[in-house]
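Residue strings, one per chain:
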Amino acid sequence: MLDKPRLLTPGPTPTPERVRLVMAHDMIHHRKPAFKAIMAAVQPKLRELFGTAQPVLPMACSGSGVMTAAVHGLFRPGEKVIVVEGGKFGQRWREIAAVRGLSVVSVVVDWGRPVTPAEVEAALDEHPDAAGVLVQLSETSTGTLHPVREIARLTAGRDTLLVVDGISAVSISPCPMDEWGIDCLLTGSQKGLMLPPGLGLIALSERAWRKADTVPPSCFYFNFRGELANQEKQQTLFTTPVSLIIGLNESLDMFREVGLETVYRKQWALTQMARRGVTAMGLEPLVKEGYTWGLTSVLLPEGVPATGVLRVAAERFGVIMAAGQDHLKERIIRIGHMGWLDWADLAAGLHALAEGFRACGGYIGARDVLEQALAAYQAGLAVTPGTEF
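Computed from a prediction, not measured in an experiment: that's the story for all the values here.

1. With respect to the pairing of strand E2 (residues 56-59)
Of the two faces of E2, both are covered, the one formed by Val 56 and Pro 58 as well as the one formed by Leu 57 and Met 59. Where E2 and strand E10 (residues 200-204) come together, four bridges link them in antiparallel fashion. The partner of Pro 58 across the bridge, within E10, is Leu 201.

2. Regarding the nonpolar core
Residues Leu 162 and Leu 248 are the most contacted members of the largest nonpolar core, which totals 66 residues. Setting aside chain neighbours within four positions, we find Leu 162 in contact with Val 133, Val 135, Val 148, Ile 151, Ala 152, Thr 155, Ile 182, Asp 183 and Cys 184.

3. Points about the layout of surface pockets
In this structure, the largest pocket encloses a volume near 450 Å³. Along the walls of the largest pocket sit 22 residues, with Leu 145, Trp 180, Trp 268, Trp 293 and Gly 386 positioned nearest its centre. Among the secondary structure elements, those contributing two or more residues to the lining of the largest pocket are helix H6 (148-156) and helix H11 (260-280). The wall of the second largest pocket is formed by 14 residues, among which Phe 255, Val 258, Val 263, Lys 266 and Trp 340 lie closest to the centre.

4. Here we look at the UniProt feature "domain: Aminotransferase class V" (unreviewed entry) in the chain
Mapped onto this numbering, the UniProt entry annotates "domain: Aminotransferase class V" (unreviewed entry) at residues 24-325. Split by type, residues 24-325 is 43% helix and 17% strand. Its first and last C-alpha atoms lie 34 Å apart.

Rules used throughout
Residues numbered from 1 in each chain as written. Predicted model: local features only at pLDDT ≥ 70, side-chain atom pairs only at ≥ 80, totals over all residues. Heavy atoms only, no water. Buried < 20%, exposed > 50% of the residue type's maximum accessible area, 1.4 Å probe, protein only. Helix = DSSP H or I, 4+ residues; strand = E, 2+ residues; numbered from the N terminus. Pairing = 2+ DSSP bridges. Core = buried A, V, L, I, M, F, W, Y, C linked by side-chain atoms within 4.5 Å. Contact = heavy atoms within 4.5 Å. 1 Å grid on protein atoms, 1.4 Å probe; cavity = no way out; pocket = protein on both sides within 12 Å on 5 of 7 lines; lining within 4 Å. Points joined across faces, edges and corners; volume = space filled by probe spheres on them. UniProt positions renumbered as here; feature names shortened; annotations may be inferred.

Laid out in structure tokens, this is it:
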């Protein structure tokens, strides 16, 4: 069978043809005028995407790299930070902070449940000396959306920076940095931005820049002031991932052509399609409330292994999805529907999920799974993004 392979993972995500083509152009030098012109064009588009008047710094690293840059660039050893731990990447905040020598206070929530603003407020009240709150907007390991906007209201009146991992949220669901009061927002190239992995992006608020100026550099490579100085010259501090920046310029043009509101509307509709398809099969989404827009985690019944379902989906239908992490490895399947995916790709993913589930001993009574899913997609397009129905 000559089936089209479909990548429905939480990242990397598919890359549009027009982005691939511009990235295939002859290489240019990262210190010469041709590249500087591209960087000059990229910066205002990035500020629009992040919703900030501040510069957005590109760095040649993964999402974990810009997480590391945030911790090392904003906090001194011995300072206290509050970390929201509701999944694998909340744990990563704690681990990076520990390596930096920070005192970590963890707010631990069950995987699949968003933290409540009250839980964060209680931690802030108990630890008024906390220099920062580190949280995921979208916890990629579970598909949970934490209430960052509400948390920002709590940190706004305190001497506490709000540092947000938006790796699986930026360009997928709204997170206007300045409007919400986020002090540091970061993302990676391989999710909603529709690019290959390898490019991190990070922006700081005015007060975060003031704090960064008080933190002596602890790392030769991650240096905010050095990056900012080079950004003002339309360059990066060290060797630039030139092709990724060229591709980024094209993907940002794609967003501009339709508008971010349209992008968010599509992502919301796809999320509703995925959740309705899953429930039509008689399965449960792991996250009941407060769910990520670009990722749906499906809870499997005991006795049906996620890796078995994924194997059938890949081998028989060419659909690549992801299992859970740590204790959820065999319990959930994560369907990515962010970035360069449409309703037809997701329909193929839902069909492959259903057939893989049946092949591994599961039972699905409904015969109109895709019809229900597509009806939810159409309904999702007709409402304001984020509106439950």
